[in-house]
Every structure is written in structure tokens, then in C-alpha cells.
Amino acid sequence: MSAILLAPDKFKGSLDAAAVADALADGIADADPGRPVRRCSVADGGEGTVAAALAAGWEPVTTTATGPTGAPLTAVWARDGVSALVELASTAGLAVLPGGVRDPGGAGTEGLGTVLAAVLDAGCTDVVVGLGGSAATDGGAGLLRGLGARVLDAGGAEVGRGGAALARADRLDLAGLHPRLRDPAVRVRLAADVDNPLLGPHGAAAVYGPQKGADAAGVAALDDALARWVRVLAAATGGDADTLAAAPGAGAAGGAGLALTAVCGARVAPGVGTVLELTGFDDELAGAGLVVTGEGRLDAQTLHGKAPAGVAAAARAAGTPVVAVAGQVTLGPAALRAAGFVATYALTDTALDQRDALDRAAELLRLLGARIATDHPSPTRPMIRSRP
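Criteria and cut-off values
Residues numbered from 1 in each chain as written. Predicted model: local features only at pLDDT ≥ 70, side-chain atom pairs only at ≥ 80, totals over all residues. Heavy atoms only, no water. UniProt positions renumbered as here; feature names shortened; annotations may be inferred. Helix = DSSP H or I, 4+ residues; strand = E, 2+ residues; numbered from the N terminus. Rg over C-alpha atoms; globule rule 2.2 N^0.38 Å. Buried < 20%, exposed > 50% of the residue type's maximum accessible area, 1.4 Å probe, protein only. Contact = heavy atoms within 4.5 Å. Areas by Shrake-Rupley, 256 points an atom, 1.4 Å probe, with all protein chains shown as cover. Lys, Arg positive; Asp, Glu negative; His and termini not counted. Charge placed at Lys NZ, Arg CZ, Asp CG, Glu CD. Pairing = 2+ DSSP bridges. Axes fitted to C-alpha atoms, helices over the stretch in contact; angles between N-to-C directions.

- For the protein, the name recorded in an unreviewed UniProt entry is Glycerate kinase, with Pseudonocardia tropica as its organism.
- The annotation that UniProt attaches to the protein under Sequence similarities (unreviewed entry) is "Belongs to the glycerate kinase type-1 family."

Description of the overall build of the protein
Part 1: Along its length, the protein carries 15 helices and 13 strands.
Part 2: For 388 residues, the compact-globule formula gives about 21 Å, and the C-alpha radius of gyration of the protein, at 22 Å, lands near that figure.
Part 3: Its C-alpha atoms give the protein principal-axis dimensions of about 85 × 45 × 35 Å.
Part 4: Looking at the protein residue by residue over its 388 residues, the buried ones come to 52%.
Part 5: Long-range contacts, defined as pairs at least 24 residues apart, comprise 73% of the intrachain contacts of the protein with a sequence gap of at least 6.
Part 6: For the protein, the exposed surface amounts to about 15,600 Å²; the carbon and sulfur share of it is 53%.
Part 7: Across the protein, the mean location of the 31 positive side-chain charges is 3 Å away from that of the 40 negative side-chain charges.

So, the sheet that holds strand β6 (residues 126-130)
Part 1: The strand order β3-β4-β5-β6-β9-β10 describes an open sheet built from 6 strands, whose pairing is mixed. In this open sheet, the two edge strands, each paired with only one partner strand, are β3 (59-66) and β10 (267-270). Looking at each pair of strands side by side, their axes are set apart by 30° on average, direction ignored.
Part 2: The pairing of strand β5 (residues 83-87) with β6 spans 5 bridges and is parallel. Bridge assignment links S83 to a residue of β6, and that residue is D126.
Part 3: Taken strand by strand, helix α9 (residues 256-264) contacts β6, β9 (187-192) and β10, and its axis lies near 155° from that of β9.

So, in C-alpha cells, the structure goes:
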């Protein structure tokens, strides 16, 4: 009997990926108790990326760090031997802003640097940084500070936290930078689902600044500050400012990865593809007869590097059919077929409204799991229909 592989992302604001898979598995067992079920939680580099690795058997490690506005917090990263997976969202994400209050000019990435220092101290040599969900637009300046560097103004004083303060940046002192960051044996990959440059109308401030609370004037100020920062960064690392700023993905997470690209040659990699590799998706896919993926909302953004689209592409390449579940589906049938989904199931089809879909997500997902098992029976077990 062919297995069903459950590979969902989180349903934001409702259930994490593991809970989504559990609810679906319960429903499949209700409809077809003997059907084998496998699980492989997925993510795209943002919030939930570390959780996906932990669900795949990686070891959790905790590090005391600071959040985007400097408040102390405890961050969790994942380890598997010499490999480490770090999530920017856990220290510099919108989800960890105190009280949810956004600070587009003052939020920074220092906490991410602190966690990376702990990763390097632990001896990890294959480091993946998930860049999604950022609350900051500081070009990775805070990240470098967390790793021991200093960002100085023209008078030699350290500039403050956040992207707005970079308008005063004059020099980057790398003398205290963590020595292992430049160790040739250490490889750093940046898992991101965007390819924006750092500056201009398609850059970090213009495209993502408003989501972080920046108004038009704030966006312009942040873009100018990042332009100054990239020149300072290039001067300290021997790079070319224009090349650094124009590189695809330089604008991801407020430019956070830019600093690592300049300092240690980190490379941007597709977020979901990297997570699928780390969580052993291909091994779980082998021999599966159906893949079930999903996220809270299937919409136009899904098609641009989000986890369900990445799962669908990988499964389709292996010749395995894919269905998707979501709280709400706004994509049309043609777009869904083009993305590789043979069917989609939405909680809002049976929920009273969107609030009800959020509140009863586990219950509704269980019902959908049963429906999926019935709609897609195992090839070795014909579906039995009751007589009229």
C-alpha cells in the first residue's frame, strides 16, 4: 500500500507544521486505518524553519540573545553534527517584537549575530541561516556587531541599533570579528525566497519597509542609509559596493545577508529547496504515492518561492501527485494546475468564516485528511463504495 507523505508548512496564527501534519494523519487514519503515513515538515527560510529541522530529528540548542529592539530572549537553533540551522525570525523577526510594536528604523539584527557566534563556538562548519520574517532593515550591520565587529561614525563612536543609524556610518572595524567566520572550512548559506537587490525601487527598504512599519519618508531614509552602509562595508572587506548592492538576494531580510556575503562569501540559496535538502525530503518522498502540502493561505505569493510550491515542484519532478490544503485558497484552477497541484482543499470551504477556520483548524484539517484519503485511495487498495 503506497504511503501518503505529509509535508506542510505552518498555518500562521493557528498551527505549526507538525500540528498540521498530525491533524491530517488523524483524518487519514479515520478513513483508511491501514494507510502508511510519513511526515516531513517544511518551511521556506522564515519562521518555522528551525521547527521543521527539529521535527526531522535535529537537536535543539538554546542561546541567550537579544530581540530586534534589544530586549533579551532565548533563541533556539537546530544542530545535526557539524551542521547548524539558524532562523533570523527567532531574534530579529516581526513575531518577536515586544508587544508587536514595529520599529522600522530602530530594529536590528544583533541577536542573530549572537546566535551565529554560539554556532561557531560549537564547532559547526555547515551553517544555514533562514532569512525570512525580518523586522529590521539594517543591512546586517547589527549581525556583524553580534559577531564582534564595530560600526563607527566619523568621530569614532559606535552608531546605534537599526537601519536609520547607518546614515552616520563611516567605518567598519572588523578586528574583533569572530575568527571562525572567515575560516575556509566554514560554509555559510542564506536560505531566502526573494531575489531583491539592496537598493532602489525593488530594494529592501522600498519593497519590505512598509511591511515593517516604514512610511514613505522612512523608506527613503532607510534606502539612503543602506546606500551609505554598503559603501562602508565594501571599503572594509575589499569588495565593490555596486556589485554587492545589486546581487540577487542582497535585499533579503532587510539586507541582513549582505554583511555575511561581503565578510565570508555566504551565498543565497532558495529557502524551501535548502530546507527540503536539510530535512531529508527526497528520502521521505521515495515510494510515496501522494504528497500533501499546504500553508495558511494559498495565494499569488505561494508561487514565488513559498514552501508548498517548492514541495509541488520536487514531487512533480519525481512523478508523485501533490495536493494542497490551506486555510484559504485564492489562486484560480489554472494557476494551481500550473504549479503542480492536482487538487486543493480549503478550511474555509467548510468553516463558518475565517475566524472559525483559525479556531477549529485542527478539527477541520482532520476532516480534510479523511477526505483526501477517500479521494486518493492507494493503488493497491481499491476504494469501496457503499451500495445505494
